[in-house]
Amino acid sequence: MNITIIGTGYVGLVTGACLAETGNHVFCIDVAAHKIDLLNHGGVPIYELGLQEMIARNRAAGRIHFSTDLAAGAAHGDILFIAVGTPPDEDGSADLQYVLAAARNIGQHMQGFKVIVNKSTVPVGTAQRVQQTIAVELAARAVEHSFSVVSNPEFLKEGEAIGDFMQPDRIVLGCDNDQNGVRAAEIMRCLYAPFNRDHKRILQMDVRSAELTKYAANAMLATRISFINELANLAECMGADIEEVRRGIGPDPRIGNHFLSAGCGYGGSCFPKDVQALIRTASEYHQPLPLLSAVEAVNDAQKQVLVRKIVARLGEDLSAFRFAVWGLAFKPNTDDMREAPSRILIAALLARGATVVAYDPVAMDEARRVFMLDLQNAPAAHARLSLSEDPMQAVAGADALVVVTEWNEFKNPDFQRLRAQLKKPLIFDGRNVYEPAEMSELGIEYHAIGRVYEGF
Ligand code: UDX
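Residues numbered from 1 in each chain as written. Predicted model: local features only at pLDDT ≥ 70, side-chain atom pairs only at ≥ 80, totals over all residues.

Draft legend 1. The overall build of the chain, seen in detail. Counting secondary structure elements, the chain contains 19 helices and 14 strands. Here the C-alpha radius of gyration of the chain, 24 Å, is about what a compact globule of 456 residues would show, namely 23 Å. Projected onto the principal axes, the alpha-carbon positions of the chain cover approximately 75 × 45 × 40 Å. Expressed as a percentage of the 456 residues in the chain, the buried residues total 44%. Sequence-distant contacts, at least 24 apart, represent 73% of the contacts inside the chain between residues at least 6 apart. (Helix = DSSP H or I, 4+ residues; strand = E, 2+ residues; numbered from the N terminus. Rg over C-alpha atoms; globule rule 2.2 N^0.38 Å. Buried ≥ 20, exposed ≤ 12 C-beta atoms within 10 Å, placed from the backbone. Contact = placed C-beta atoms within 7 Å.)

Here it is as structure tokens:
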């Protein structure tokens, strides 16, 4: 099939590459000429495992093209995916200006029947707005082309996006039940047939339910994290171990083991933004969501948990101390630092006068960019932050190590060397990467999240 993807961000590129991989002819469009230029020269503007190779393979086979020419894009695709960003507005609601601009462009250029797919995470009712926007443009051109807008939310996890796309646990298709909607649904089912494992993955429903499904999934997952984090803080006061509690509740199939790791809070491009947007949309319907407001508040507080522990141990004034920070990305296997807990931690340490040496296996370039912005009004603090290309070098001479992201390479370091490099054998672990008993044996003072540590 001929596919056009508008927006070469994270979702757009993964969708484009995976659809090209299954033999479709894919045109990826973006208004950002520098991104298209990079892609046309074999580069990829984001880091995602396996993506660069997949794009290269399909470019070589002539199945994927990159361009800024939306008119050509609108002509090419039988299916046009809108995969542009929906950043939070000042009030937390999703900013739809890029989605609606894409819809206008489609309306200005499309010919013949088109399936328009909302892939961006958008509030309930957006498919209808896209539909109306395209209709206005068609009317302005005095042409009649039929089309249908489908909601097809993505459930991709950064770092695992290709696997998630190729072997989805579900494919949600929100379609209208009029004639164009039925036609669109058939086309979408064909497109996704190669991914519809055991013929059970496609879940067709009405458009609004599909739109809400995406928010419901992320809100549910965020709720689990805030729940376990709240209990971790309680466990700590009570002398219980949250890892044991998790082991104790996980076997109940109604609860399950997954997505219940206590830590220093969730970040990333989706959970914070989507929880906020859902609260905002709900308020427009005069239906407050106190549970989700609490989920958000608990997470904001949890992003400070490491700072609280450090201050409790070393005092408010940290100007005499130097901290090594391992992990800057919001989670492993990505260079994404959006809403990353590391940013809150590092800003708080610097504000208390500390010196910080940080290391991340992949996010170093991103970190330079992000901290330039975060600390632009605090040059003296910025001067006390440095980035090290080597984890052991970062630790050399530090008063404490703070682990913020659970990259595999942090899981089993040479502890003797680590201990020798640190000025004090002191670790604050925001992701419960190590075992407290082992740390005791190694003679390392260890502060984790909701765990029992007996000292050494
Ligand atoms: C998420 C959803 O999982 C995905 O379905 C959706 O499409 C986009 O948002 P992503 O943002 O890539 O994906 O990250 P995810 O792996 O879900 O982790 C989100 C955050 O939660 C991370 O900061 C992670 O560290 C944190 N987390 C996750 C926990 O603190 N505890 C857990 O048990 C799991």
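Draft legend 2. Helix α15 (residues 364-374), seen in detail. If you check which residues of α15 are buried, you get E366, A367 and F371. Along the axis of α15, the buried residues cluster in a sector spanning 120°; they form a single face. Projecting away from the buried face of α15 at angles above 90 degrees are the exposed residues D365, R368, R369, M372 and L373. Where α15 is buried, its residues contact β10 (355-359), α16 (379-383) and β11 (385-387). (Arc of directions from axis to C-beta.)

Draft legend 3. The arrangement of the sheet that holds β11 in detail. Across the sheet, which stays open at both edges, the six strands sit in the order β11-β10-β9-β12-β13-β14 with parallel pairing between neighbours. Because the sheet does not close on itself, it has two edges, and the strands there are β11 and β14 (445-447). Strand-to-strand, the axes of this sheet are offset by a mean angle of 20°, without reference to chain direction. As paired strands, strand β9 (residues 322-326) and β10 are joined by five bridges and run parallel to one another. Its bridge partner lying in β10, V325 is registered against A358. (Pairing = 2+ DSSP bridges. Axes fitted to C-alpha atoms, helices over the stretch in contact; angles between N-to-C directions.)

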